[in-house]
Amino acid sequence: MAEPLLSVDAIETCYGLSQVLFGISISIMPGEMVTLMGRNGMGKTTTVRSIMGLTPARAGSIRFGGEDIRALPAYRIAKRGIGLVPEGRQIFPNLSVRENLTATASGEDGWTLGKIYELFPSLSARESSMGNQLSGGEQQMLAIGRALMTNPRLLILDEATEGLAPLVRAEIWRCLARLKAAGLSILVIDKNVGALTQIADRHFLIERGRVVWKGSSAELAAVPEVQHRYLGV
Ligand SMILES: Nc1ncnc2c1ncn2[C@@H]1O[C@H](COP(=O)(O)OP(=O)(O)OP(=O)(O)O)[C@@H](O)[C@H]1O
Ligand SMILES: [Mg+2]
């Protein structure tokens, strides 16, 4: 069997003296779309921050592309090929769409402005608009485009559809399905179980810093009581 692209094994993470993750283990195979779901405050963003080296895990291991990345500084982890679309988007409000996209470009071949505009035609129409002039949906597309411009092997999206209208949300899901079809590996943190069991392969549900359920989309769709218990659906 192939090696996982990302393998998080029993990580424990704290903010100061307050421990938030108690042995989280998740894995992502090359080309897979995996979700991490759970109610508010259960540790999803902290898991992402641990993977990215922003809030380093104090125990456990994190391997990416077969190498141990747990102790690396955040910029090195990003450079290894993990692109983050952070919670709250965090685009540059006073840079144009084009400048936001080129600010993080890795300069190697792969994603270009043209390819991003092809994926998100509405961004192309707003190329010279400032980040803060965009709608919520456009800002989200920009945040995804910016992460893609670093040519990641793994794309991580933390609450990418939060606060967006249903049609805009659907557009984001379509875009992720396209990226997956093109071979990109994707980790999605989101609350839309219905949409995610349509497009993702496997799911990890967490509660208070522990993985409490994992399985395929078909398995998750078949257990409404699990969805109710851990996701409040
Ligand atoms: N910077 C911080 N300092 C101290 N505690 C924090 C910090 N960030 C998060 N926490 C705490 O860690 C726990 C997990 O938070 P985290 O942001 O990982 O949850 P989440 O699952 O992403 O929640 P949400 O769905 O609201 O985004 C929460 O109890 C939160 O209050
Ligand atoms: Mg969060």
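Rules used in this analysis
Residues numbered from 1 in each chain as written. Chains lettered and ligands numbered in written order. Predicted model: local features only at pLDDT ≥ 70, side-chain atom pairs only at ≥ 80, totals over all residues. Heavy atoms only, no water. Buried < 20%, exposed > 50% of the residue type's maximum accessible area, 1.4 Å probe, protein only. Helix = DSSP H or I, 4+ residues; strand = E, 2+ residues; numbered from the N terminus. Pairing = 2+ DSSP bridges. Right-handed = clockwise from strand over helix to strand, strands pointing away. Donors = N, O, S within 2.8 Å, 3.2 Å for Na, K, Ca; no water. Salt bridge = Lys/Arg side-chain N within 4 Å of Asp/Glu carboxyl O.

Peer 1: So, the pairing of strand E7 (residues 154-158): which residues are in play, and what are the values?
Peer 2: For E7, a buried count of five out of five residues is recorded, marking the element as mostly surrounded by other parts of the structure. The side-chain alternation of E7 yields two buried faces, one formed by Leu154, Ile156 and Asp158 and the other by Leu155 and Leu157. Examined bridge by bridge, strand E6 (residues 82-85) and E7 share four bridges and lie parallel to one another. Among the inter-strand pairings, Ile82 is bridged to a residue of E7, identified as Leu154. As paired strands, E7 and strand E8 (residues 185-189) are joined by five bridges and run parallel to one another. From the neighbouring strand, Ile156 faces E8, where its bridge partner is Leu187. The parallel pair E7 and E8 is bridged by helix H7 (residues 166-181), and the resulting crossover is right-handed.

Peer 1: Lay out the coordination of the magnesium ion (ligand 2) with the relevant residues and their values.
Peer 2: Every protein donor of the magnesium ion (ligand 2) is listed here as Thr45 (OG1) and Glu87 (OE), and their distances to the metal cover 2.0 to 2.5 Å. Within this pair, whereas Thr45 is found in helix H1 (residues 44-52), its partner Glu87 is found in the loop between E6 and helix H3 (97-103), the two being separated by 42 residues in sequence.

Peer 1: How would you summarise the pattern of salt bridges if you had to cite specific residues and measurements?
Peer 2: Pairing of side chains with opposite charge becomes possible as their charged atoms draw close. In this structure the tally under the stated criterion is eight salt bridges. Its salt-bridge partner being Arg58, residue Glu12 comes within 2.9 Å of it at the nearest N-O pair. Of this pair, Glu12 sits in strand E1 (residues 6-15) while Arg58 sits in the loop between H1 and strand E4 (59-64), and the two are 46 residues apart along the sequence. On the basis of relative accessible area, Arg58 is assigned to the exposed category, the value being 51%. Notably, a salt bridge pairs Arg202 with Glu32, separated by 2.6 Å at the nearest N-O pair. Of this pair, Arg202 sits in strand E9 (residues 202-207) while Glu32 sits in the loop between strand E2 (18-28) and strand E3 (33-37), and the two are 170 residues apart along the sequence.

Read these as geometric descriptors, not functional statements.
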